[in-house]
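Here are the chains, one letter per residue:
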Amino acid sequence: MARITASVFTSHVPAIGAALDLGKTGEPYWQPVFQGYDFSKQWMKDNKPDVIFLVFNDHATAFSLEMIPTFAIGTAAEYQPADEGWGPRPVPKVVGHPELASHIAQSVIQQDFDLTIVNKMDVDHGLTVPLSLMCGQPQEWPCPVIPFAVNVVQYPVPSGRRCLNLGKAIRRAVESFDQDLNVHIWGTGGMSHQLQGPRAGLINREFDNAFLDRMIDDPESQAAVPHIDYVREAGSEGIELVMWLIARGAMADLAGGPKPTVKHRFYHVPASNTAVGHLILEN
Ligand code: DHB
Ligand code: FE
């Protein structure tokens, strides 16, 4: 049986990808950001998963205003890094896991979540920057990845409650797959940031750290927080944080098991226009 052994949560700031790709990680501005992931890169090596189920948001790259799936699961064999205007990032292609992805689609749709099935998609910084932060700059990513895209760009966006419950359904789906696979689930995006309008540049350390606390100890209460609170407190793009609840919902304690162990917690301001937050939880 496949099982979810850990969840990883991280921001996906595009400038972090550019800093890596342009060899700027040692610069004083970036050094403290990347230092926060030193532990994580070693942890990835010591706890190499067979598959990563990676919850992220597309930034009007693969999808546009023409078509906006709320939840989309990637069932393809591979995904190319997207060209977001400066050419594709010089990172490896993402190898998928069509067998497990199709099984999860089957199971989660039968559990009454309407997923869009995606057989062709380029993946933007929302997916590749978290991989870079956790894996560095390898020739190939360490394992197959199932991309799971969530709409947090165009309203209406899914509620925290629905995201947490979706995570629970994904856990049941993984556990009903009859191959022994060690699966990590990642929730990405955030933390507080607003990229436009009079409040551009907004960062809210208090909100972010309370969110990290609740992601560890009380995800059910965080799931009750309405999207308008994220927008008010964490900025218009802070709503990306709602995706973390999908990964958190897949942890054992929400299915009657023990609380997860916190392996790593990191918070840093600023990186580009955002606060960077990061957690590693083990079941
Ligand atoms: C920035 C952050 C994001 O999450 C994003 O998608 C684009 C830009 C930024 O901080 O600049
Ligand atoms: Fe973003």
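Keep in mind it's a predicted model, so treat the numbers as computed, not measured.

Asks: Is there a simple way to explain the overall build of the chain in this structure?
Replies: Helix and strand counts for the chain come out as 10 helices and 10 strands. Relative to the compact-globule value of 19 Å for 283 residues, the chain shows a C-alpha radius of gyration of 17 Å, a close match. Reported as C-alpha extents along the three principal axes, the dimensions of the chain are approximately 50 × 40 × 40 Å. Counting across all 283 residues of the chain, residues that qualify as buried make up 56%. When contacts within the chain are restricted to residue pairs at least 6 apart in sequence, those whose partners lie at least 24 apart make up 81%. Within the structure as shown, the chain displays about 11,600 Å² of accessible surface, and the carbon and sulfur contribution to it stands at 51%. The average position of the 21 basic charges and that of the 31 acidic charges among the side chains of the chain differ by 4 Å.

Asks: What exactly am I supposed to notice about the site of ligand 1 here?
Replies: In the neighbourhood of ligand 1, the contacting residues comprise H12, V13, P14, H59, H125, H193, L195, E240, S272, N273 and T274. A distance of 2.9 Å is found between an oxygen atom of ligand 1 and a side-chain nitrogen or oxygen belonging to H12. Here an oxygen atom of ligand 1 and a side-chain polar atom of E240 are 3.3 Å apart. In the complex, 88% of the free accessible area of ligand 1, which totals 290 Å², lies under the protein chains. Across the shell around ligand 1, the residue classes tally to 3 nonpolar, 7 polar and 1 charged.

Asks: Explain the packing of aromatic side chains here, please?
Replies: The way to describe two aromatic rings as a pair is by their centre distance and the angle between their planes. Inspection of every chain in the model, using the stated rule, returns 10 aromatic pairs. Their ring planes at 80° and their centres at 4.9 Å tell us that Y29 and W30 sit as a pair that is edge-to-face. Residue classification places W30 among the buried residues on the basis of a relative accessible area of 8%. When the centroid spacing of 5.5 Å and the interplanar angle of 70° are considered together, the rings of F211 and W244 count as edge-to-face. Of this pair, F211 sits in helix α7 (residues 205-217) while W244 sits in helix α10 (residues 244-249), placing them 33 residues apart in sequence. Classification of W244 as buried rests on a relative accessible area of 0%.

Asks: Could you clarify how one ought to interpret the coordination of the iron ion (ligand 2) in this entry?
Replies: When a metal carries six donors in an octahedron, the ideal angles between them are 90 or 180 degrees, while four donors in a tetrahedron ideally lie at 109.5 degrees. Protein ligation of the iron ion (ligand 2) involves H12 (NE2), H59 (NE2) and E240 (OE), the donor distances falling in the range 2.0 to 2.2 Å. Each donor residue of the iron ion (ligand 2) lies on one chain, and together they are spaced H-x46-H-x180-E. One end of the pair, H12, is in the loop between β1 (3-10) and α1 (14-21); the other, H59, is in the loop between β2 (51-56) and β3 (71-74), and 47 residues separate them in sequence. Here H59 falls in the partly exposed class, since its relative accessible area comes to 24%.

Asks: Would you take a moment to explain the nonpolar core for this structure?
Replies: Most often, soluble globular proteins have nonpolar side chains that are buried together. Counting residues in each nonpolar core, the largest one holds 56 residues, and the members touching the most others are F53 and F148. Per-element accounting of this core gives the leading share, 7 residues, to helix α6 (residues 160-175).

Asks: It is not clear to me how the pattern of salt bridges should be interpreted in this structure. Could you clarify?
Replies: Working definition: two side chains of opposite charge can pair if their charged atoms are close together. Across all of its chains, the model carries 9 salt bridges by this definition. For D21, the salt bridge goes to R89, with nearest N and O atoms at 2.8 Å. Of this pair, D21 sits in helix α1 while R89 sits in the loop between β4 (78-79) and β5 (94-95), and the two are 68 residues apart along the sequence. A salt bridge links D253 to R248; the shortest N-O distance between them is 2.8 Å. Owing to a relative accessible area of 0%, R248 belongs among the buried residues under this scheme. If you follow the salt bridges from partner to partner, you end up with R161, K168 and E220 in one network.

Rules used in this analysis
Residues numbered from 1 in each chain as written. Chains lettered and ligands numbered in written order. Predicted model: local features only at pLDDT ≥ 70, side-chain atom pairs only at ≥ 80, totals over all residues. Heavy atoms only, no water. Helix = DSSP H or I, 4+ residues; strand = E, 2+ residues; numbered from the N terminus. Rg over C-alpha atoms; globule rule 2.2 N^0.38 Å. Buried < 20%, exposed > 50% of the residue type's maximum accessible area, 1.4 Å probe, protein only. Contact = heavy atoms within 4.5 Å. Areas by Shrake-Rupley, 256 points an atom, 1.4 Å probe, with all protein chains shown as cover. Lys, Arg positive; Asp, Glu negative; His and termini not counted. Charge placed at Lys NZ, Arg CZ, Asp CG, Glu CD. Near = heavy atom within 4 Å. Polar contact = N/O pair within 3.5 Å; in protein donor to acceptor, adjacent residues only side chain to side chain. Nonpolar A, V, L, I, M, F, W, Y, C, P; charged D, E, K, R; others polar. Phe/Tyr/Trp six-rings, centres within 6.5 Å; stacked < 30°, edge-to-face > 60°. Donors = N, O, S within 2.8 Å, 3.2 Å for Na, K, Ca; no water. Core = buried A, V, L, I, M, F, W, Y, C linked by side-chain atoms within 4.5 Å. Salt bridge = Lys/Arg side-chain N within 4 Å of Asp/Glu carboxyl O.

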